[in-house]
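# Close look at the chain arrangement
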Amino acid sequence: MKVVLPGGTGQVGTILDRALTAAGHDVTVVTRRPERAHDIGWDGATLDRWAAAIDGCDVVINLAGRSVSCRYSAENLQAMMDSRVDSARVVGEAIAAAARPPRVWLQMSTATVYAHRFDAAHDEATGVIGGSETGVPDYWAYSVEIAKNWERAQAEAHTPATRKVALRSAMVMSPDRGGVFDVLSRLVRLGLGGPVAGGAQYVSWIHDEDFVRAVEFLIDGDDLEGPVNLAAPGPLPHRDFMRALRTAWGVPVGLPATRWMAEVGAFALRSDTELLLKSRRVVPGRLRAAGFTFAYSEWEKAAASLVQRARLARGASSRAREASSEAV
């Protein structure tokens, strides 16, 4: 199977590139910084020579968009909007222009499209789209607008021969360096992995192996199109999420953080507290109805698996450094 991954050099792209290549598929990554043999360059907004990779491929999985791990300034929010909408639009143009268009286009979206909510979970049928909540920062509504416009750019693309799926993904948990699991694990190991602002806000997540399997399931599932939630069926309050992560690492306690402490920490990390404080209680209604089975439906089991892999990777890295030192 020929797969094209626009924006495939970020955390999620790296996970998919690695897994699909290992499964024997022919993967092409479309990126602003082409460095490897299977990379092709683009600017994320202009139809150009990179579009030839889409003509004749089987699947396009568009992951392009500026990282959300930044301060949510007006400039950065606009960059997040433009990078997502422009890339989705131009991928649609490339598919529309293809003599042999792909049979499926998976477009990254986000579970952030749903409202900040504690009382009930959001599935695709009954979930409440955010943007009008009270008692939350005004700019949170702009994050929802980004998600809505991102999905709209795909939905409005004229690609009648290509099935389209919008991946409303929760946080993808993998032990890769720099990902959200890695960041949270470092906080836990430093003794800082307690609840933030009371910890009642829900965390939605998905294990990276289930994320890959869900993508493969959606590629094969010819009857699934439109928005699909990619989230484990066990979202849980932040305080319980962090407690399970501490248990997996064998760390008995974690210092809690107030809202203002979270603001200071987010500023120092050049990130934003929306990532910590918004309650994302999202469940995979359509995936489960279609027969998809999660290997990691509960966070305790997922956290134990990820910690084990992280420890193995750290051990392998240490052994490689020791071997390199001995060789010198």
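Residues numbered from 1 in each chain as written. Predicted model: local features only at pLDDT ≥ 70, side-chain atom pairs only at ≥ 80, totals over all residues. Heavy atoms only, no water.

### As for the overall build of the protein chain
To keep it simple, the criterion reads: The numbering of helices and of strands both runs from the N terminus, where a helix is a DSSP run of H or I of at least 4 residues and a strand a run of E of at least 2. With C-alpha atoms as the basis for the radius of gyration, the globule rule is written as 2.2 Å multiplied by the number of residues raised to the power 0.38. When accessible area is computed with a 1.4 Å probe and restricted to protein chains, residues below 20% of their type maximum are described as buried, those above 50% as exposed, and intermediate ones as partly exposed. Residue contacts are defined here by distance: any two heavy atoms, one from each residue, within 4.5 Å place the two residues in contact.
Counting its secondary structure elements, the protein chain contains 10 helices and 11 strands. For 328 residues, the compact-globule estimate of 2.2 N^0.38 gives 20 Å, and the C-alpha radius of gyration of the protein chain, at 20 Å, lies within 12% of that figure. Taken along its principal axes, the extent of the C-alpha atoms in the protein chain is 60 × 60 × 40 Å. Counting over 328 residues, the protein chain shows a buried share of 49%. For the protein chain, the proportion of contacts with a sequence separation of at least 24, taken over those separated by at least 6, is 78%.

### A closer look at the sheet that holds strand 4 (residues 59-62)
Rules: Two strands are said to pair when DSSP picks up at least two bridges between them. In this analysis, axes come from line fits to C-alpha atoms, helices being fitted only over the stretch in contact, and the angle between any two N-to-C directions falls in the range 0 to 180 degrees.
Ordered by their spatial adjacency, seven strands build an open sheet running 3-2-1-4-5-6-10, and the pairing between neighbours is parallel. Of all the strands in the sheet, just strand 3 (39-41) and strand 10 (226-230) have a single pairing partner and so form its edges. Strand-to-strand twist in this sheet, taken as the mean axis angle between neighbours without regard to direction, amounts to 20°. Direction of pairing for strand 1 (residues 2-6) relative to strand 2 (residues 26-31): parallel, over a ladder of five bridges. Of the residues in strand 2, the one forming a bridge with Val-3 is Val-27.

### Quick look at the pattern of salt bridges
Keep this limit in mind: In what follows, salt bridge is the name for a side-chain nitrogen of Lys or Arg lying within 4 Å of a carboxyl oxygen of Asp or Glu.
Scanning the entire structure with this criterion turns up 16 salt bridges. Among the salt bridges present, the one from Arg-89 reaches Glu-93, with a minimum N-O distance of 3.1 Å. Taken together, the residues Arg-89 and Glu-93, both in helix 2 (residues 74-97) and four residues apart, mark about one turn of the helix. Accessibility expressed as a relative area gives 32% for Arg-89, which makes it partly exposed. When its relative accessible area of 34% is taken as the criterion, Glu-93 is described as partly exposed. Residues Arg-117 and Asp-119 are paired through a salt bridge, measuring 2.9 Å at the closest nitrogen-oxygen approach.

### What to know about the packing of helix 4 (residues 180-189) against helix 6 (residues 238-249)
Put simply, the rule reads: Oblique is the label for any angle not covered by the other classes, which are roughly parallel (under 35 degrees), roughly antiparallel (over 145) and roughly perpendicular (65 to 115). Each residue receives one of three labels: charged for Asp, Glu, Lys and Arg, nonpolar for Ala, Val, Leu, Ile, Met, Phe, Trp, Tyr, Cys and Pro, and polar for the others, Gly being one of them.
Viewed as axis vectors pointing N to C, helix 4 and helix 6 meet at an angle of 70°, and their least axial separation amounts to 10 Å. In this view, helix 4 runs roughly perpendicular relative to helix 6, as classed from their interaxial angle. Each of Phe-181, Leu-184, Ser-185, Val-188 and Arg-189 in helix 4 lies in contact with helix 6, whose residues at this interface are Phe-241, Met-242, Leu-245, Arg-246 and Trp-249. Looking at the contact of helix 4 with helix 6 residue by residue, the class counts come to seven nonpolar, one polar and two charged.

### Remarks on the nonpolar core
For clarity, the threshold we go by: Definition used in this section: a nonpolar core is a set of buried Ala, Val, Leu, Ile, Met, Phe, Trp, Tyr and Cys residues joined via side-chain atoms within 4.5 Å.
If you look at the biggest cluster of nonpolar residues, it comprises 33 residues, and the most contacted ones within it are Leu-16, Ile-61, Leu-106, Phe-211, Leu-218 and Leu-230. At six residues, helix 5 (residues 208-220) tops the list of elements feeding residues into this core. If we skip the residues at most four places from it in the chain, Ile-61 touches Val-3, Val-4, Leu-5, Pro-6, Leu-16, Leu-20, Leu-106, Val-215 and Ile-219.

### A word on the side chain of Asp-39
Note the threshold: Two N or O atoms count as a polar contact when they lie within 3.5 Å, although within protein this holds only if one can serve as hydrogen donor and the other as acceptor, and sequence-adjacent residues are included solely when both atoms are side-chain atoms.
For Asp-39, the location among the structural elements is in strand 3. There is a polar contact of 3.1 Å between the side chain of Asp-39 and the backbone nitrogen of Glu-35. Here Arg-36 takes part through its side chain, which lies 2.9 Å from a polar atom of the side chain of Asp-39. Ignoring sequence-local partners within four residues, the contact set of Asp-39 consists of Val-29, Thr-31, Arg-33 and Pro-34.

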